[in-house]
Amino acid sequence: MSDDAADPLKLIALDADDLAIVSAHLQDAVLKAADLVYLPREQRFALALRRFDWEGAQHGQRRRRLAALHFDRVQSVRSAKLDKNDPDKVLNLLAVTFDLGEDPAGDVTLHFSEGAAIRLSVECIEAQMKDLGPVWEAAATPGHPDGA
């Protein structure tokens with residue numbers, strides 16, 4: 001029997017609607033501060049994450065997958081409530097949003113639990129998310145208190 005939910009996911013985001021889809025697939029992904037990298041010369045911001053497989057959850061599977069996300073045309077990066085001195089602190093990604101500036105430029109914000117955030121000033125939305133292969137059983141399905 002084929003397990004379609006196990007097929008690697010590859011998404012490209014070129015506008016706010018695309019980014020909302022990427023955000024939905026990455027909700028509750030976990031990573032460490034050490035998994036974040038900004039390459040100013042390449043105008044790229046990249047991160048490796050362990051995403052919860054929400055599609056698999058619809059089929060009774062409870063698993064995580066290693067995935068990568070990168071943004072191109074990044075002009076600057078700012079962060080709030082991130083401890084750069086603790087590269088092993090686990091971060092829980094809640095959402096990825098876009099605030100339009102002078103079209104098509106704006107700010108992409110990675111929202112993490114405990115109020116932490118990373119804001120990328122971008123020329124335009126140009127992002128790619130890709131599963132990298134490993135899949136493993138998750139200990140639990142992520143949940144959120146009402147209203148969170």
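Data block above holds the structure.
Residues numbered from 1 in each chain as written. Predicted model: local features only at pLDDT ≥ 70, side-chain atom pairs only at ≥ 80, totals over all residues. Heavy atoms only, no water.

K.L.:
Would you take a moment to explain the environment of Arg62 for this structure?
P.N.:
Note that Arg62 resides in the loop between α2 (54-57) and β5 (63-72). In sequence terms Arg62 and Thr141 are 79 residues apart; their C-alpha atoms lie 6.4 Å from each other. Leaving out residues up to four positions away in the same chain, Arg62 has contacts with Phe52, Trp136, Glu137, Ala138, Ala139, Ala140 and Thr141. (Helix = DSSP H or I, 4+ residues; strand = E, 2+ residues; numbered from the N terminus. Contact = heavy atoms within 4.5 Å.)

K.L.:
When you look at the side chain of Thr109 in this model, what are you seeing that I'm missing?
P.N.:
Note that Thr109 resides in strand β8 (residues 106-112). Thr109 gets classed as buried once you look at its relative accessible area, which sits at 3%. Within the local environment of Thr109, its side chain forms a polar contact with the side chain of Arg119, the two groups lying 3.3 Å apart. In this structure, Thr109 is in contact with Ala95, Val96, Thr97, Asp99, Ala117, Ile118 and Arg119, ignoring residues within four places of it in sequence. (Buried < 20%, exposed > 50% of the residue type's maximum accessible area, 1.4 Å probe, protein only. Polar contact = N/O pair within 3.5 Å; in protein donor to acceptor, adjacent residues only side chain to side chain.)

K.L.:
Any chance you could explain the nonpolar core here in plain terms?
P.N.:
Soluble globular proteins tend to bury their nonpolar side chains together. Core analysis: the largest hydrophobic core is formed by 31 residues, its most contacted members being Phe45, Leu49, Phe71 and Leu110. When residues no more than four places from it in sequence are discounted, the contact partners of Leu49 are Leu26, Ala29, Val30, Leu31, Arg65, Leu66, Ala67, Ala68, Leu69 and Leu93. (Core = buried A, V, L, I, M, F, W, Y, C linked by side-chain atoms within 4.5 Å.)

K.L.:
Would you mind going over the environment of Leu26 with me for this structure?
P.N.:
You can see Leu26 is positioned in helix α1 (residues 16-26). Placed 25 residues apart in sequence, Leu26 and Arg51 show a C-alpha to C-alpha distance of 5.7 Å. The residues touching Leu26, leaving out its near neighbours within four places in the chain, are Leu49, Arg51, Leu69, Leu93 and Met129.

K.L.:
Honestly, the pattern of salt bridges in this entry has me stumped. Any pointers?
P.N.:
Side chains that carry opposite charge are capable of pairing whenever their charged atoms lie near each other. Per the counting criterion, the structure on display carries nine salt bridges. Between Asp35 and Arg50 there is a salt bridge, and its shortest N-O distance comes to 3.0 Å. Taken together, the residues Asp35 in the loop between β2 (29-32) and β3 (36-39) and Arg50 in strand β4 (residues 44-52) connect sequence positions 15 residues apart. Judged by its relative accessible area of 26%, Arg50 is partly exposed. A salt bridge links Arg51 to Asp131; the shortest N-O distance between them is 2.8 Å. Here the residue Arg51 occupies a position in strand β4, and Asp131 occupies one in strand β10 (residues 127-137), the gap between them amounting to 80 residues. Each member of the pair, Arg51 together with Asp131, is buried. Linked through salt bridges whose partners overlap, the residues forming this network are Arg51, Arg65 and Asp131. (Salt bridge = Lys/Arg side-chain N within 4 Å of Asp/Glu carboxyl O.)

Geometry only, nothing functional implied.
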